[in-house]
Amino acid sequence: MKTYIIIGALLSALGIALGAFGSHSLKTKLNPEELVIYDIATRYLMYHALGIISLGILAFNVPESVVEVPVILMLIGIVLFSGSLYLISIKGYTKLGVITPLGGTAFIVSWVLLAINIFKLP
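Just so it is clear, the model here is predicted, and its values are computed rather than measured.

Parameters and conventions
- Residues numbered from 1 in each chain as written.
- Predicted model: local features only at pLDDT ≥ 70, side-chain atom pairs only at ≥ 80, totals over all residues.
- Heavy atoms only, no water.
- Helix = DSSP H or I, 4+ residues; strand = E, 2+ residues; numbered from the N terminus.
- Phe/Tyr/Trp six-rings, centres within 6.5 Å; stacked < 30°, edge-to-face > 60°.
- Buried < 20%, exposed > 50% of the residue type's maximum accessible area, 1.4 Å probe, protein only.
- Contact = heavy atoms within 4.5 Å.
- Axes fitted to C-alpha atoms, helices over the stretch in contact; angles between N-to-C directions.
- Parallel < 35°, antiparallel > 145°, perpendicular 65-115°, else oblique.
- Left-handed = near helix turned anticlockwise from the far one by under 90°.
- Nonpolar A, V, L, I, M, F, W, Y, C, P; charged D, E, K, R; others polar.

Asker: Is there a simple way to explain the environment of Glu68 in this structure?
Answerer: Positionally, Glu68 belongs in helix H3 (residues 64-91). On a C-alpha basis, the gap between Glu68 and Thr94 in space is 32 Å, while along the polypeptide they are 26 residues apart.

Below, the structure is given as structure tokens:
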């Protein structure tokens, strides 16, 4: 669906901007461990932004119900996983580390659910 492609494209642009910001502006402000955490947040944001674009393309060939919940779960995963890692790395909010696995779980469930939904197609 067109909306998913637009959302994925905007998230991809955000991921590139955040990656550039991290590489250029944060290199001297964060310690090496914090930079690794920031990089992981950016990578997973990009992976799932591209996943959302892919699901948007797929939605032109399968019923939207096949991709709708996986897209929502990917968005939740981006907010919880990448969002918490950004805050941990930049602001030092280490207590948010308990939220990060929830985002990772949302990512995993989104991909497994997609596989199940595709498997169920005639």
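Resuming the write-up.
Asker: Teacher, can you tell me more about the packing of aromatic side chains here?
Answerer: Each aromatic ring pair is characterised by the separation of its centres together with the angle its planes make. Applying the stated criterion to the full structure yields 5 aromatic pairs. When the centroid spacing of 6.1 Å and the interplanar angle of 25 degrees are considered together, the rings of Tyr44 and Phe107 count as stacked. One end of the pair, Tyr44, is in helix H2 (residues 32-58); the other, Phe107, is in helix H4 (residues 100-120), with 63 residues separating them in the sequence. For Tyr44, a relative accessible area of 31% corresponds to the partly exposed category. According to the relative accessible area criterion, Phe107 is buried, its value standing at 4%.

Asker: Got a minute to help me understand the side chain of Asn117 in this structure?
Answerer: Among the structural elements, Asn117 can be located in helix H4. When its relative accessible area of 14% is taken as the criterion, Asn117 is described as buried. For Asn117, the residues in contact, after removing those within four places along its chain, are Ser65, Val66 and Pro70.

Asker: Would you mind showing me how to read the packing of H3 against H4 here?
Answerer: To characterise two packed helices, one gives the angle between the axes of the helices and the distance between these axes. Closest axis-to-axis distance for the H3/H4 pair is 7 Å, and the angle between their directions is 160 degrees. Relative to H4, H3 is oriented roughly antiparallel. Once H3 is placed against H4, the crossing between them reads as left-handed. For the contact of H3 with H4, the residue count by class is 20 nonpolar, 8 polar and no charged.

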